[in-house]
Structure formats: structure tokens, C-alpha cells
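# Summary of the model geometry
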Amino acid sequence: MRELHFKDNFWNIDITSTVGYDSIIQHLNDGKRTCKEIEDFMKARAAIEEKYAKELLGLSKKVCGHSEMNTLKRSLDVFKLQTEQVSLSHLHLAQTMREEAKKLEDFREKQKEARKRVEQQMDTLHKQKATQYKKTTEAKKTYEQKCRDKEEAEQNMNRNATTSSSKQQEKLYAKTQQAKQCAEEADRIYNQNVSVLGKIREEWLNEHVKACEFFEKQEVERINTLRNIVWTHLNQLSQQCVTSDELYEDVRKSLEQCNIQEDLEHFINLRRTGEKPPGVHYSLQRQRTAGSNKDRKRCGRPDVQLTRG
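Keep in mind the model is a prediction, meaning the values are calculated, not measured. (Residues numbered from 1 in each chain as written. Predicted model: local features only at pLDDT ≥ 70, side-chain atom pairs only at ≥ 80, totals over all residues. Heavy atoms only, no water.)

## Considerations on the overall build of the protein
- Secondary structure assignment for the protein yields five helices and two strands.
- Moving toward the C terminus, one meets the helices and strands of the protein in the order α-α-α-α-β-α-β.
- Here the protein holds 309 residues, and the buried ones make up 28% of them.
- Within the protein, contacts between residues at least 6 apart in sequence are counted, and of these 82% link residues at least 24 apart.
- Accessible area of the protein: about 21,900 Å², with a carbon and sulfur share of 53%. (Helix = DSSP H or I, 4+ residues; strand = E, 2+ residues; numbered from the N terminus. Buried < 20%, exposed > 50% of the residue type's maximum accessible area, 1.4 Å probe, protein only. Contact = heavy atoms within 4.5 Å. Areas by Shrake-Rupley, 256 points an atom, 1.4 Å probe, with all protein chains shown as cover.)

This is the structure we're talking about:
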């Protein structure tokens, strides 16, 4: 299947029309707008990543398992440390995204400047072509009118050749000659304008083809650049997931080393208070104290006291 190209498909039979060229320019402007939209999208995503990273970094500084000890404490320390590392990786991702957005911005500006030179040249040619076409059209009208004037003068002279005096015939002849000269001058001017228009048309045709080729090349570069940048953007997001998972894997490995029995024994060894419980046998002994039974009853004192056996 034959490939389609700009230079073969954006013409118009009207020499003054720029509809094909305008269609290409509109498409390029739409493409430039797309570049700006993707650039803004990536900057916004970078801002989100940065905000998330900063909040995650703040979270990693919060107290988490301060009173824990031994293997679980080590796992929680790794957990906090790796949370901090994840936040830093998101900060790096945000910076990388901004760098990619800057590359796209530079690319967009570079294409804009390159297009500007070509568009200015084409706009100049379009104006010259339109101006010259108008002059040529006016010269044609003038030429046609002068030809009619000449024919009318000749017919008038021929009609009055036998009925008018020699003086009148001389006037008619002079008028006919003048009309003939005016027609010849109008013909010269008309041909001159046609020649100039032909040269401008030839130059415009060549420049239009070059512009189409240049714009098509820019469009190829734009599509390729956007595709690669979005692809890279997705790779960065995927890599961030991989990086985060690797950091979280360190936490999982640390948790695998968390030994419940060891932590129990560590706590016991660190905080033990004694191996023997209080005695379980008691004896009741009467306490002999000063005062009578009557006094004890009045004061509500017990008659007996628990003592260890």
C-alpha cells in the first residue's frame, strides 16, 4: 500500500486558496497543544508524587513501637527506615518526572521556533501570491476593456469612412490608433503580470512542497517523542513499584527474623522480678495485745492475725 504524505494531499485548484496549508497548520497547532497538555499532566503528577513523598517522610518520623524490644523492635525499625526510603524514592521519581516534562517543554519550544521561520516564509509567499493574482486579474480586466475600446474605435472609424469629412476621419483614425496603443500597453502590462504571477506561483509550489515535507517531519518527531515520553513515564512508575516492593521486602525479611519465643525470653530476662511466688500456707495465731476483750470489741479490732507459716 502506497504511503500517504502531506505534500501530495493538501492542494487546491484555486490558486488563491490556502485551505490545504491551513489544515496542516491547524493540525500542528493541535499537536502543540497536546504536547503542552501532556507536559502539564506530568508536572501535576510530579507534584502529587512530591506531596505524597513528603507526607510519607513525615510519617516515617513518627513514633512507632517505641516501647518494643528485641527482634520485633528491629523489624519495626526496619519498617520505619524503609518507609523513609520509599518516601525518598518518590521524591526522586517526582524530580525525574519534572526532568522529562522539561525535555518535552524544550522539544515543544524547539519545534515552535523552527515552524515559525517556515510559517513566516509561507505567509509572505501567500500574500505575494494573493497580491499578484489581484493585480493580474485587474490587468486582465483593463486589457479586455482596452481591447473593446479599440474594436469600438475601429468599427466607428469604418462606419464613418464614407460619410464623414477628412478632418473627422483623421480624428477617428487618431482615436483608433490611440485605442490600439492603449490596448497594446494593457496587453504588455497584463502579460508582465501573468509572467510575475507565474514565477511567484512556481516559487510558492516549491516552497509549499518543502513546507509540507518539513511539517510532516516535525509531526513524525512529535508523535515519536510523545510516545517515547509516555512510555518512559510508565516505566518510571513501574520501576517505582519495583523499588518500593524491594524496600518492603527488606521489612518482610526482617519480620521473618522476628522470633516470638526469643522476644518473650528477652523480656523475661530483662524485666524479671523473681522466680518464687508468695507462700501458699498460712496459720492463724492469736495476738496477745494490751487491753481487754471488751476494748477490742469496742474498737472493732480482730481477734486474730494472718502470719506466714
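## Regarding the pattern of salt bridges
- Going through the model one piece at a time under the given rule, you end up with 20 salt bridges.
- With a shortest N-O distance of 3.3 Å, Lys 7 and Glu 213 are connected by a salt bridge. Note that Lys 7 is positioned in the segment before helix 1 (19–60) and Glu 213 in helix 3 (residues 166–256), a separation of 206 residues in sequence.
- Lys 7 sits in the partly exposed class, given a relative accessible area of 31%.
- The exposure class of Glu 213 is partly exposed, given its relative accessible area of 39%.
- Residues Glu 50 and Arg 98 are paired through a salt bridge, measuring 2.7 Å at the closest nitrogen-oxygen approach. Residue Glu 50 is found in helix 1, and its partner Arg 98 is found in helix 2 (residues 70–159); the two are separated by 48 residues along the sequence.
- In this structure Arg 98 comes out as partly exposed when scored by relative accessible area, which is 31%. (Salt bridge = Lys/Arg side-chain N within 4 Å of Asp/Glu carboxyl O.)

## Considering unusual backbone geometry
- The phi dihedral of Asn 70 falls on the positive side, at around 60°, and the residue is not glycine.
- Its place among the elements puts Asn 70 in helix 2.

## Describing the packing of helix 1 against helix 3
- Orientation of helix 1 relative to helix 3, taken along the N-to-C sense of each, is 20°, at an axis distance of 11 Å. In terms of orientation, helix 1 lies roughly parallel with respect to helix 3. Note on packing geometry: the crossing formed by helix 1 with helix 3 is left-handed.
- Each residue belonging to the contact of helix 1 with helix 3 can be placed in one class, and the counts come to 14 nonpolar, five polar and five charged. (Axes fitted to C-alpha atoms, helices over the stretch in contact; angles between N-to-C directions. Parallel < 35°, antiparallel > 145°, perpendicular 65-115°, else oblique. Left-handed = near helix turned anticlockwise from the far one by under 90°. Nonpolar A, V, L, I, M, F, W, Y, C, P; charged D, E, K, R; others polar.)

## Quick notes on a nonpolar patch on the surface
- Taken together, the side chains of Ile 260, Leu 264, Phe 267 and Ile 268 present a nonpolar region at the surface, about 410 Å² in accessible area.
- If you trace the backbone, Phe 267 turns up in helix 4 (residues 260–271). (Patch = residues over 30% accessible without salt bridge, like charges linked within 9 Å, V, L, I, M, F, W, Y side chains within 5 Å.)

## Remarks on the confidence of the model for the protein
- Averaged over every residue, the pLDDT of the protein is 87; the share at 70 or more is 89%.
- No element of the protein has a lower mean pLDDT than strand 2 (residues 304–308), which averages 45, and none a higher one than helix 1, which averages 95.
- Predicted confidence is poor over residues 304–309, with pLDDT under 50, and the contacts of this stretch with residues over four places away or in other chains come to 15 contacts. (pLDDT = per-residue confidence, 0-100.)

## A short note on the nonpolar core
- Within the largest apolar cluster, 13 residues are counted, with the highest numbers of intra-cluster contacts made by Ile 24, Met 122 and Phe 215.
- Of all elements in the fold, only helix 1, helix 2 and helix 3 reach the threshold of two or more residues within this core.
- It is helix 3 that provides the largest number of residues to this core, a total of five residues.
- Among all residues touching Phe 215, those that are not within four sequence positions of it are Phe 6, Tyr 21, Ile 24, Ile 25, Leu 28, Arg 115, Val 118 and Glu 119.
- Cys 35, Met 42, Leu 104 and Phe 107 belong to the second-largest nonpolar core, a separate cluster that totals seven residues. (Core = buried A, V, L, I, M, F, W, Y, C linked by side-chain atoms within 4.5 Å.)

## Some words on the packing of aromatic side chains
- Summed over the entire model, instances satisfying the criterion amount to five aromatic pairs.
- Residues Tyr 21 and Phe 215 carry aromatic rings whose centres are separated by 6.1 Å and whose planes lie at 50° to one another, so their mutual orientation is tilted. Of this pair, Tyr 21 sits in helix 1 while Phe 215 sits in helix 3, and the two are 194 residues apart along the sequence. Grouping residues by exposure puts Tyr 21 and Phe 215 together as buried.
- Each member of the aromatic cluster is reached from another via a ring pair, and the members are Tyr 21, Phe 214 and Phe 215.
- Looking at Lys 129, its charged tip hangs above the ring of Trp 204, at a distance of 4.4 Å from the centre. (Phe/Tyr/Trp six-rings, centres within 6.5 Å; stacked < 30°, edge-to-face > 60°. Lys NZ or Arg CZ within 6 Å of the ring centre and 35° of its normal.)

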